[in-house]
Amino acid sequence: MKSLYIMLISLVIFSCQNQGKMEIQKAKQASIDSMKVANADSIKVAFEKQKVIDSMQIEMTKVNEQKVEVQREVVVVNHEPGTTTTTTTRKKKGWSSTAKGAVIGAGVGAATGAIVSKKKGQGAIIGGLLGAGVGAGTGAIIDGNKQN
């Protein structure tokens, strides 16, 4: 009978020790899971930032293409002896730096405001207005430097 008690007590002690190890494993797994969630959130934020950067690069490409585009006007005169054909090329007037800065600033500000704010619409509006103001101010400074 004594040996039965000893076996029963050793079984209880052994099961208690094993249960403590299982709790430690659960805590480790919970910690790993929370790190995975945090990592997924940071990847999502990085992806959103990259989308904003890509959209701004596309807009800048469009603006540069508009700069390069030249409107040509051809005037043809009846070709008689002593007359010539004239061709005039007129460069299309591009956007001022102030306008470009305001548009780019509004886009970046709206995107940033929507990403950062809990109220997406309100954040986009406020960010767009602030970004347009800062962009227009920066563009005006650039225009002033070009004139000098």
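What counts, and where the lines are drawn
- Residues numbered from 1 in each chain as written.
- Predicted model: local features only at pLDDT ≥ 70, side-chain atom pairs only at ≥ 80, totals over all residues.
- Heavy atoms only, no water.
- Helix = DSSP H or I, 4+ residues; strand = E, 2+ residues; numbered from the N terminus.
- Buried < 20%, exposed > 50% of the residue type's maximum accessible area, 1.4 Å probe, protein only.
- Contact = heavy atoms within 4.5 Å.
- Areas by Shrake-Rupley, 256 points an atom, 1.4 Å probe, with all protein chains shown as cover.
- Patch = residues over 30% accessible without salt bridge, like charges linked within 9 Å, V, L, I, M, F, W, Y side chains within 5 Å.
- Salt bridge = Lys/Arg side-chain N within 4 Å of Asp/Glu carboxyl O.
- Expected span 1.5 Å × (residues − 1).
- Axes fitted to C-alpha atoms, helices over the stretch in contact; angles between N-to-C directions.
- Parallel < 35°, antiparallel > 145°, perpendicular 65-115°, else oblique.
- Left-handed = near helix turned anticlockwise from the far one by under 90°.
- Nonpolar A, V, L, I, M, F, W, Y, C, P; charged D, E, K, R; others polar.
- pLDDT = per-residue confidence, 0-100.

(A) Highlighting the overall build of the chain. Scanning the chain for helices and strands turns up three helices and two strands. The linear arrangement of helices and strands in the chain, starting from the amino end, is α-β-β-α-α. Counting the 148 residues in the chain, one finds 11% classified as buried. When contacts within the chain are restricted to residue pairs at least 6 apart in sequence, long-range pairs at least 24 apart make up 48% of them. Within the structure as shown, the chain displays about 12100 Å² of accessible surface, and the carbon and sulfur contribution to it stands at 65%.

(B) Summary view of the side chain of Ser97. Relative to the elements of secondary structure, Ser97 occurs in helix H2 (residues 97–116). With near-sequence residues (within four places) excluded, Ser97 lies in contact with Gly139, Ile142, Asp143 and Lys146.

(C) Inspection of a nonpolar patch on the surface at higher detail. Together, Met1, Leu4, Tyr5 and Ile9 give the surface a local cluster of nonpolar side chains, amounting to about 490 Å² of exposed area. Within the secondary structure, Leu4 is located in helix H1 (residues 2–68). We classify Leu4 as exposed; its relative accessible area is 53%.

(D) Molecular detail of H2. Look at H2: 27 Å from first C-alpha to last across 20 residues, which is about the 28 Å you get at 1.5 Å a residue. Listed as buried for H2 are Ser97, Lys100, Gly101, Gly105, Gly109 and Gly113.

(E) Here's a closer look at helix H3 (residues 120–147). Here H3 is 28 residues long and its end C-alpha atoms lie 40 Å apart, about the 40 Å a rise of 1.5 Å per residue gives. Taken as a whole, H3 has its buried residues at Gly123, Gly127, Gly128, Gly131, Gly135, Gly139 and Asp143. Each element contacted by the buried residues of H3 is listed here: H2.

(F) Looking closely at the packing of H2 against H3. Where H2 meets H3, the closest approach of the two axes is 5 Å, and the angle between their N-to-C directions is 155 degrees. Taken together, H2 and H3 sit at an angle that is classed as roughly antiparallel. Handedness of the crossing formed by H2 with H3: right-handed. Across the contact of H2 with H3, the residue classes tally to 10 nonpolar, 12 polar and three charged.

(G) The arrangement of the environment of Gly123 in detail. Its place among the elements puts Gly123 in helix H3. For the pair Gly123 and Ala110, spaced 13 residues apart in sequence, the C-alpha separation works out to 7.1 Å. If we ignore the near neighbours within four places in the chain, the residues touching Gly123 are Gly113, Ala114 and Ser117.

(H) Examining the confidence of the model for the chain more closely. A residue-level look at the chain finds 70% of positions with pLDDT of 70 or above and a mean pLDDT of 76. Of all helices and strands in the chain, the one with the weakest mean pLDDT is strand E1 (residues 71–75) (51), whereas H2 scores best (89).

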